[in-house]
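Residue-level listing of the chains:
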Amino acid sequence: MKQYDYLIVGCGLFGAVFANEMRSIGKKVLIIDKRNHIGGNVYTEDVDGIKVHKYGAHIFHTNNKSTWEYVNQFGEMNRFTNSPIANYKGELYSLPFNMYTFNKMWGVNTPQEAMAKIEEQRKEITSEPRNLEEQAISLVGRDVYEKLIKEYTEKQWGRECKDLPSFIIKRLPVRFTFDNNYFNAKYQGIPVNGYTAIIENMIKGVDVKLGVDYLEDREHWNGLANKVIYTGAIDAYYDYCFGELQYRSVRFETETLDVPNYQGNAVVNYTSKDEPYTRIIEHKWFDIVNDSPKTIISKEYSQEWKKGDEPYYPVNDDVNGALYARYKELADKETNIVFGGRLGEYKYYDMDKVIESSLELVRKEIKLACKK
């Protein structure tokens, strides 16, 4: 008899949801994580009365009522609406692209004028877009592309837009209304007490060990449980036997400033290469009200991932897709280990989709148990 029914590698949102559900039906669960805190990338830390998103902005949004109700079991959510600003060499534009953006860009006042301007500029793309640059111009025209997409995207991905696949921005939001609600989701917000409190509530009654690297002694950890839920990088699990999957990583420079208000908004994107960072987050504005006399900002620098860095964004091009398929073929043959989450599936997940994916795995595991 093993000590646990499930060993979960990684105490992020995927692992915490799975642990909560399995504990609730009487399963014994152990979570381990190589970091010294719970929560994975949604970890928040209270600093001078400000809840700091240590790994970048996390704004929960979904159109799925049951997912919204699920996460609200574990902590109250505020009604934060993400309305980022783009700063291009001192010019400020509203995001996502909407009538405020087009008015600032061209001085147009009506949707018809904005549509006509875009239609005129998109004509330079005469065939099916072959790359991100052509796709962007075909959607919003040359002016918006040059000021608000090109340099920002090249900073973010470390590649020329002409060398990036078109599908990255196939769903670029373009609105001919004065609506700057970025996600436009029915339900959205941020936990009043921070994401760490949400995770704490999810894993109550679950054994947790932090500062543990599973891959350094996997035989020991596997010996403790009947099944492993692995949320780390799938290529690392297989010792990079087919080569490394590519990711973009992010470096944060966070500082406390003795001013009550630095930029007047939670998120400001810097779309020119004049600034090496992609955006600045001012954490206090994730709260509906925060009257702290100080503020905390984080500058985000996108960089190529290398071993030892935290992998953030999968580079989902054809080459990496083919490489991941080879790793998945190995994973599908496993009997006592399941790969899940952003790194385990080499897939960018919004938080609501992480929860839904984890709950789907729970349903599969319960079905399997019923068949035995």
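Structure: see above.
This one's a predicted model, so the numbers in the text were calculated from it and none came from an experiment.

Procedures and definitions
- Residues numbered from 1 in each chain as written.
- Predicted model: local features only at pLDDT ≥ 70, side-chain atom pairs only at ≥ 80, totals over all residues.
- Heavy atoms only, no water.
- Helix = DSSP H or I, 4+ residues; strand = E, 2+ residues; numbered from the N terminus.
- Rg over C-alpha atoms; globule rule 2.2 N^0.38 Å.
- Buried < 20%, exposed > 50% of the residue type's maximum accessible area, 1.4 Å probe, protein only.
- Contact = heavy atoms within 4.5 Å.
- Areas by Shrake-Rupley, 256 points an atom, 1.4 Å probe, with all protein chains shown as cover.
- Core = buried A, V, L, I, M, F, W, Y, C linked by side-chain atoms within 4.5 Å.
- Pairing = 2+ DSSP bridges.
- Axes fitted to C-alpha atoms, helices over the stretch in contact; angles between N-to-C directions.
- Salt bridge = Lys/Arg side-chain N within 4 Å of Asp/Glu carboxyl O.
- Phe/Tyr/Trp six-rings, centres within 6.5 Å; stacked < 30°, edge-to-face > 60°.
- Lys NZ or Arg CZ within 6 Å of the ring centre and 35° of its normal.

Below, the discussion takes up the overall build of the protein. The secondary structure content of the protein amounts to eleven helices and 16 strands. In summary, the protein has a C-alpha radius of gyration of 22 Å against a globular reference of 21 Å for 372 residues, a match within 12%. Evaluated residue by residue, the protein yields a buried proportion of 54% over its 372 residues. Contacts in the protein between residues at least 24 apart in sequence constitute 71% of all its contacts with a sequence separation of at least 6. Approximately 17,800 Å² of the protein is accessible, and the part contributed by carbon and sulfur atoms is 47%.

A separate point is the nonpolar core. In this structure, Leu7, Phe97, Phe102, Tyr214 and Tyr230 are the most contacted members of the largest nonpolar core, which totals 55 residues. Considering each element in turn, this core owes the most residues, nine residues, to helix α5 (residues 132-157). The residues contacting Phe102, other than those within four sequence positions of it, are Phe97, Gly107, Val108, Ala114, Ile118, Val144, Val174, Arg175 and Phe176. The next biggest cluster of nonpolar side chains, apart from the first, holds 44 residues, and it includes Ile199, Met202, Val354 and Ile355.

We now examine the sheet that holds strand β13 (residues 279-282). Ordered by their spatial adjacency, seven strands build an open sheet running β7-β6-β12-β13-β14-β11-β15, and the pairing between neighbours is mixed. Whereas interior strands pair on both sides, the edge strands pair on one side only; in this sheet they are β7 (91-94) and β15 (313-314). One ladder, built from ten bridges, connects strand β11 (residues 247-257) with strand β14 (residues 295-304); its direction is antiparallel. Residue pairing across strands places Arg248 opposite Glu304, the latter belonging to β14. Each of β6 (85-88), β7, β11, β12 (267-270), β14 and β15 is contacted by α5, which is oriented at about 90° to β6, the strand it contacts most.

Glancing now at the pattern of salt bridges. For the structure on display, the rule yields 21 salt bridges. In this structure, the salt-bridge partner of Lys227 is Glu365, at a minimum N-O distance of 2.9 Å. Note that Lys227 is positioned in strand β10 (residues 225-230) and Glu365 in helix α11 (residues 351-371), a separation of 138 residues in sequence. Here the two residues Lys227 and Glu365 agree in accessibility, since each one is buried.

Looking now at the environment of Cys161. Here Cys161 is to be found in the loop between α5 and β8 (187-189). Setting aside its immediate chain neighbours within four residues, Cys161 contacts Asn131, Leu132, Glu133, Tyr145, Lys150, Thr153 and Glu154.

So, on to the packing of aromatic side chains. If you walk through the whole model with that rule in mind, you get 26 aromatic pairs. An angle of 15° between the planes, with centres 5.7 Å apart, marks the rings of Phe102 and Trp106 as stacked. In this pair, Phe102 and Trp106 both sit in helix α3 (residues 99-106), four residues apart, roughly one turn of the helix. The pair Phe102 / Trp106 is uniform in exposure class, with both members buried. Both rings, one in Tyr238 and one in Tyr327, keep their centres 6.3 Å apart while their planes meet at 20°; by these two values the pair is stacked. Linking Tyr238 in the loop between α8 (234-237) and β11 with Tyr327 in helix α9 (residues 318-332), this pair joins segments that are 89 residues apart in sequence. With respect to class, Tyr238 is no different from Tyr327; both count as buried. Cation over ring: Lys284 sits above Trp285, and NZ or CZ is 5.2 Å from the ring centre. Directly above the ring of Phe242 sits Arg326, whose terminal nitrogen or CZ lies 4.1 Å from the centroid.

Within the secondary structure, Ser166 sits in the loop between α5 and β8. Apart from residues no more than four positions distant in its own chain, Ser166 is found in contact with Pro129, Asn131, Leu132 and Gln135.

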